[in-house]
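A closer look at the structure
Listed below, chain by chain, are the residues.
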Protein chains: 2
Amino acid sequence: MSNKLKIGLFGFGCVGSGLYEVLNQSNLLNASIEKIVVKDRDKHRSLAKDRFSFEKETVLDDSAINLVVELIDDAEAAFEIVTEAFRRGKNVVSANKKLIAEHLDELLALSEECGVSFLYEAAVCGSIPVIRNLEEYYNNDSLASIKGICNGTSNYVLTRLNNELKSFDEVLADAQAIGFAESDPTLDIDGFDSKYKLQILLLHTFGLKTVPQNVLNIGVRHVKAEDILFAKEKGLRLKLISYAKKVEDEIVAFAAPMFVKDDSFAFEVNNEFNAVEIEGLFADKQVFVGKGAGSFPTASAVLSDVSALQYNYKYEYRKLGSNSSSLADDFVFKVFVSSKNAESLSLINFIQVEEEFSSSNYSYKVGLIKSSSINYELYRNQPDLFIAAFEDAEIELIKKEKQQVESLEV
Amino acid sequence: MSNKLKIGLFGFGCVGSGLYEVLNQSNLLNASIEKIVVKDRDKHRSLAKDRFSFEKETVLDDSAINLVVELIDDAEAAFEIVTEAFRRGKNVVSANKKLIAEHLDELLALSEECGVSFLYEAAVCGSIPVIRNLEEYYNNDSLASIKGICNGTSNYVLTRLNNELKSFDEVLADAQAIGFAESDPTLDIDGFDSKYKLQILLLHTFGLKTVPQNVLNIGVRHVKAEDILFAKEKGLRLKLISYAKKVEDEIVAFAAPMFVKDDSFAFEVNNEFNAVEIEGLFADKQVFVGKGAGSFPTASAVLSDVSALQYNYKYEYRKLGSNSSSLADDFVFKVFVSSKNAESLSLINFIQVEEEFSSSNYSYKVGLIKSSSINYELYRNQPDLFIAAFEDAEIELIKKEKQQVESLEV
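Residues numbered from 1 in each chain as written. Chains lettered and ligands numbered in written order. Predicted model: local features only at pLDDT ≥ 70, side-chain atom pairs only at ≥ 80, totals over all residues.

This brings us to the overall build of chain A. Looking only at helices and strands, chain A has 14 helices and 18 strands in total. In terms of overall size, chain A behaves like a compact globule, its C-alpha atoms giving a radius of gyration of 22 Å where 410 residues would be expected to give roughly 22 Å. Dimensions of chain A, computed from the C-alpha atoms along their principal axes, are close to 65 × 60 × 35 Å. Scored against the burial criterion, the 410 residues of chain A give a buried share of 51%. If you take every contact in chain A between residues at least 6 apart in sequence, the share linking residues at least 24 apart comes to 74%. (Helix = DSSP H or I, 4+ residues; strand = E, 2+ residues; numbered from the N terminus. Rg over C-alpha atoms; globule rule 2.2 N^0.38 Å. Buried ≥ 20, exposed ≤ 12 C-beta atoms within 10 Å, placed from the backbone. Contact = placed C-beta atoms within 7 Å.)

Below, the structure is given as structure tokens:
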């Protein structure tokens, strides 16, 4: 009943080598790594040199290999490998959230067309089985929201900032020194990684296909010690949240720093831990907590996908089409904006200001803005502005286009 | 591809009526409740009288009904219904942990023999999909331990005791008044419910079949305000834990009050919430938190089983047989025993005492005992003794019988 899996592995970094070890130690699986393809010919690795190949064709041309496990960093190179594997009739397991978020539509269509299975549990929250649960378990309960701390690096930095009141740059440098942050931390720190994972969650939670350009992400890079103090004074904590909520018949979704209260799923999720909260219409709130990164936790998620393929498992995407919700393109929500310089705050167009503070070297405003009035470029170009939302605040849709269309029709 | 499910429902209490409502509101399911069987002819219910039958044959004899959902309290009556349903070729979904824990072997054998599916996600931790994850997701990672707060009633009582320092009897009476505890609270308060759920977890975590008599349970009924203070002074909290851990090649398992530290999965799980921590060899620790009881959360778990049956889902029990571990029948572990009366403490045979306190009206000892030196009868007959273990303490196996066998063989 179970299929012998012959694996072609791309990438032998942290997760790839973890998978190799885990697979060798776990005796429950009818699977073997036949070939390993890596990019760098000279890098020292834990296995003998003759175990490695350097051309993707070594695996793709080998008709005995029925499963490609793709664990490389480069999303564009991964796209070529994965799509070619599909065309050769090979199933694919991937941990590459950027690849998936950027090519969602093509990858789904092509894997379907080629009749292969494409699994990617490890791409979202490492060892937490969130996609499998959304696919298999929460396939009948209408879901109201999904929120996640999906990025371990930014959560580690925010936790240290909360505990030590050091500067962002100091803590980031520490995180880089111990391998908790990349030398180029943009993906993690500026909310891209959180957004890619959110896009995958949107697909499996609400049956919603999105492209990165249409989902707002802002990051934690501009957080100041005073912002952390603001949170502490109010009993709140700052977390980078991948956030999606059904509001009326649309889905509001963004990745951004948020102030969370002590009764939030996120409040006690610290350091490199990840967590996801799924709110169902009937099941109420469920929280899953686990390690979101690291060699073995991520490899373990890859292994679960490999294991599922022994029994021909495929994502069914049952929510695609069955759900009529679309992504909200504009909405009003409550934000906190701070700057060392009071004038910078005027860059943000507040509909309503609830709270305002200014001093010679630190100012902030709290109030309602339109989501369309901020974007990643604004965030990126104003290193002095820190922008955060509030997890428990109301969100109101702006149905401008629809209203225009309706008035045109009249 | 999906089967039309025609449901015969047994029981229309909290969960049964919740299921009825949830099923009617959820439009994703190809399922309908055809007949409902209840016991009490005169009870007022939310549906018209003619929707109910009172004889189990009404459902069992109806060959159009292909799914029995069993949601009654009485485990023996449930056993008759469920086994007869199996024999008639009907799939069964049940939330009855006592039924399953007491008849594990028979139910598994008979459902297998009859070629039907028997699902019971709602029997353990309500809305938390723990069984499905153990079956499907953690089927390849060798698991090291599983620990759960599986009983909402006792957790509610312990949370209140922790916050208010009232007496156990006062808080229990409050819990009964608001429907969080049964008029006969024995199953919840004395650890039976936690044990039944633990037995189900043992099956799906370690492939271990057990009978209730072989798994130790002690409860929280004898907890005193001083015990709560003891915990508070040390920064600990008391939780009723369903506990199973692999120690060498055996599985140590029991349901008992435990002192947990602030880094435990259980520390912040309060009131009626449930939580399960699964520790894998590779995936590290995963925690699932959600509501363990209540009409809709439990109905939602039942609904997920119903939904899975649309696609002919069965538990595969892949760990049965593949795992050579057996239940440890004796082990040394660290306990806390307290009494109003210092002499009562002599009823417990300590191998080693680490800490000792006595005064005229409260005394306790902390130290190592053999698990075989305590049992439910001792707990039940000594209302003055409170016994609790420590979540993070070492456990050592006593391999007496094996040593004897070996020495006989020599």
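Let's pick the thread back up.
Rotating chain A by 180° and moving it 0.0 Å along the rotation axis overlays it on chain B with an RMSD of 0.0 Å. The transformation just described matches what one would write down for a two-fold rotation axis. For chain A, the residue whose C-alpha comes nearest the rotation axis is Phe288 of chain A, separated from it by 2.3 Å. Most of the interface of chain A is mirrored in chain B, where 100% of its interface residues again form contacts. (Least-squares fit on C-alpha atoms with pLDDT ≥ 70 in both.)

When the terminal C-alpha atoms of helix α7 (residues 152–164) of chain B are compared, their 18 Å separation across 13 residues agrees well with the 18 Å that a helix rising 1.5 Å per residue should span. Positive backbone phi, at 55°, marks Leu165 of chain B, one or two positions downstream of α7 of chain B. (Expected span 1.5 Å × (residues − 1).)

Attention now goes to helix α11 (residues 225–233) of chain B. Residues and elements named next belong to chain B. Asp227, Ile228, Phe230 and Ala231 are the residues of α11 that are buried. Seen from one end, α11 has its buried residues packed into an arc of 155°, which puts them on one side. Exposed residues pointing more than 90 degrees away from the buried face of α11 are listed as Leu229 and Glu233. Next to the buried residues of α11 lie α7, β9 (237–247), β10 (250–260), β14 (331–339), β16 (363–370) and β17 (386–390). Following α11 by one or two positions, Gly235 has its phi on the positive side, about 70°. (Arc of directions from axis to C-beta.)

Turning our eyes to something else, we now look at the domain arrangement of chain A. Residue and element names in this part refer to chain A. By the assigned domains, chain A splits into domain 1 (5–119) and domain 2 (131–295 + 324–397). Between domain 1 and domain 2, the C-alpha centre-to-centre distance is 32 Å. Counting residues at the interface gives 11 residues for domain 1, matched by 9 residues for domain 2. Broken down by secondary-structure element, the contributors of at least two residues to the side of domain 1 that touches domain 2 are α1 (14–25), α4 (97–102) and α5 (104–114). A total of 5 residues in the side of domain 1 that touches domain 2 trace back to one element, the largest contributor, which is α4. Counted by class, the side of domain 1 that touches domain 2 contains 5 nonpolar, 2 polar and 4 charged residues. (Domains from an automatic or database assignment. Nonpolar A, V, L, I, M, F, W, Y, C, P; charged D, E, K, R; others polar.)

Residue and element names in this part refer to chain B. Along the chain, the position of Glu272 falls in the loop between β10 and β11 (273–280). On a C-alpha basis, the gap between Glu272 and Gly115 in space is 37 Å, while along the polypeptide they are 157 residues apart. Setting aside its immediate chain neighbours within four residues, Glu272 contacts Gly152, Asn155, Tyr156, Phe180, Lys291, Gly292 and Ala293.

Taken together, the contact pairs 35 residues of chain A with 35 residues of chain B. Counting residues per element, the ones that place at least two in the side of chain A that touches chain B are α6 (130–137), β12 (284–291) and α12 (295–309) of chain A. If you tally residues by element for the side of chain A that touches chain B, the top one is β12 of chain A, at 8 residues. Taken together, the residues of the side of chain A that touches chain B break down into 15 nonpolar, 13 polar and 7 charged. Relative to strand β12 (residues 284–291) of chain B, β12 of chain A runs antiparallel, the two sharing 3 bridges. What sits directly across from Val289 of chain A, in β12 of chain B, is Val287 of chain B. (Pairing = 2+ DSSP bridges.)

Residue and element names in this part refer to chain A. Residue Asn312 is not a glycine yet carries a positive backbone phi of 55°. Summarising the element assignment, Asn312 is placed in the loop between α12 and β13 (326–327). A tally of 11 C-beta atoms within 10 Å means that Asn312 is categorised as exposed.

Quick look at the sheet that holds strand β4 (residues 67–70) of chain A now. Read across the open sheet, the 6 strands follow the order β3-β2-β1-β4-β5-β6 (chain A); overall the sheet is parallel. Two strands bound the open sheet, and with one partner strand each, they are β3 (52–53) and β6 (118–119) of chain A.

This next bit is on the environment of Lys291 of chain A. Mapped onto the elements of the fold, Lys291 of chain A is located in strand β12. Lys291 of chain A sits in the buried class, given 22 other C-beta atoms within 10 Å. In sequence terms Lys291 of chain A and Ala275 of chain A are 16 residues apart; their C-alpha atoms lie 8.3 Å from each other. In contact with Lys291 of chain A, not counting residues within four places along its chain, are Gly126, Ser127, Glu272, Phe273, Asn274 and Pro297 of chain A together with Asp284 of chain B.

With that settled, consider the sheet that holds strand β4 (residues 67–70) of chain B. Residues and elements named next belong to chain B. Pairing within the open sheet is parallel, and its 6 strands lie in the order β3-β2-β1-β4-β5-β6. The sheet terminates laterally at β3 (52–53) and β6 (118–119), the two strands that pair on one side only. Pairing analysis gives 4 bridges linking strand β1 (residues 5–10) to β4, with the strands arranged parallel. Along β4, the bridge assignment pairs Gly8 with Val68.

Residue and element names in this part refer to chain B. Buried residues dominate β9, accounting for 9 of its 11 residues. Alignment of strand β7 (residues 143–149) against β9, held across 4 bridges, turns out to be antiparallel. Looking at β9, one finds that Ser145 is bridged to Lys245. Bridging between β9 and β10 involves 11 bridges; their strand directions are antiparallel. Across the sheet, the residue bridging to Lys246 is Ile251, located in β10. Counted between consecutive antiparallel strands, the loop separating β9 from β10 contains 2 residues, among which Glu248 sits at a positive phi close to 50°.

What follows deals with the nonpolar core. In globular proteins that are soluble, nonpolar side chains generally tend to be buried together. By size, the foremost hydrophobic cluster in this structure holds 264 residues, and its most contacted members are Val302 of chain A together with Val302 of chain B. For Val302 of chain B, the contacting residues outside a window of four places in its chain are Val15, Leu19, Val69, Val93, Ala95 and Ala122 of chain B. (Core = buried A, V, L, I, M, F, W, Y, C linked by C-beta atoms within 7 Å.)

For β1 of chain B and strand β2 (residues 31–37) of chain B, the ladder comprises 6 bridges, and the chain directions are parallel. Paired with Phe10 of chain B across the two strands is Val37 of chain B, which belongs to β2 of chain B.

Should the pLDDT be low somewhere, the predicted coordinates at that spot are not to be read in detail. Here chain A averages 92 in pLDDT, while 95% of its residues score no lower than 70. Two numbers describe this predicted complex: its pTM, 0.91, and its ipTM, 0.87. (pLDDT = per-residue confidence, 0-100.)

All names here are of chain A. Put simply, helix α3 (residues 75–87) and α5 touch, their axes get as near as 8 Å, and they point 20° apart. Considering their axes alone, α3 and α5 lie roughly parallel with respect to each other. Judged by residue contacts, Val82, Thr83, Phe86 and Arg87 of α3 engage Leu107, Leu110, Ser111 and Cys114 from α5. When the residues that make up the contact of α3 with α5 are grouped by side-chain class, the tally is 5 nonpolar, 2 polar and 1 charged. (Axes fitted to C-alpha atoms, helices over the stretch in contact; angles between N-to-C directions. Parallel < 35°, antiparallel > 145°, perpendicular 65-115°, else oblique.)

Our next topic: the packing of helix α6 (residues 130–137) of chain B against helix α10 (residues 192–206) of chain B. Axis angle and axis distance: for two packed helices, these are the angle between their axes and the distance between the axes, and together they describe the pair. All names here are of chain B. Across the interface, α6 lies against α10 with an axial gap of 9 Å and an inter-helix angle of 15°. When the axes of α6 and α10 are compared, the pair comes out roughly parallel. In terms of crossing hand, the pair formed by α6 and α10 is left-handed. On the side of α6, the interface is formed by Ile131, Leu134 and Glu135, while α10 contributes Ile200, His204 and Thr205. Residue composition of the contact of α6 with α10, grouped by class: 3 nonpolar, 2 polar and 1 charged. (Left-handed = near helix turned anticlockwise from the far one by under 90°.)

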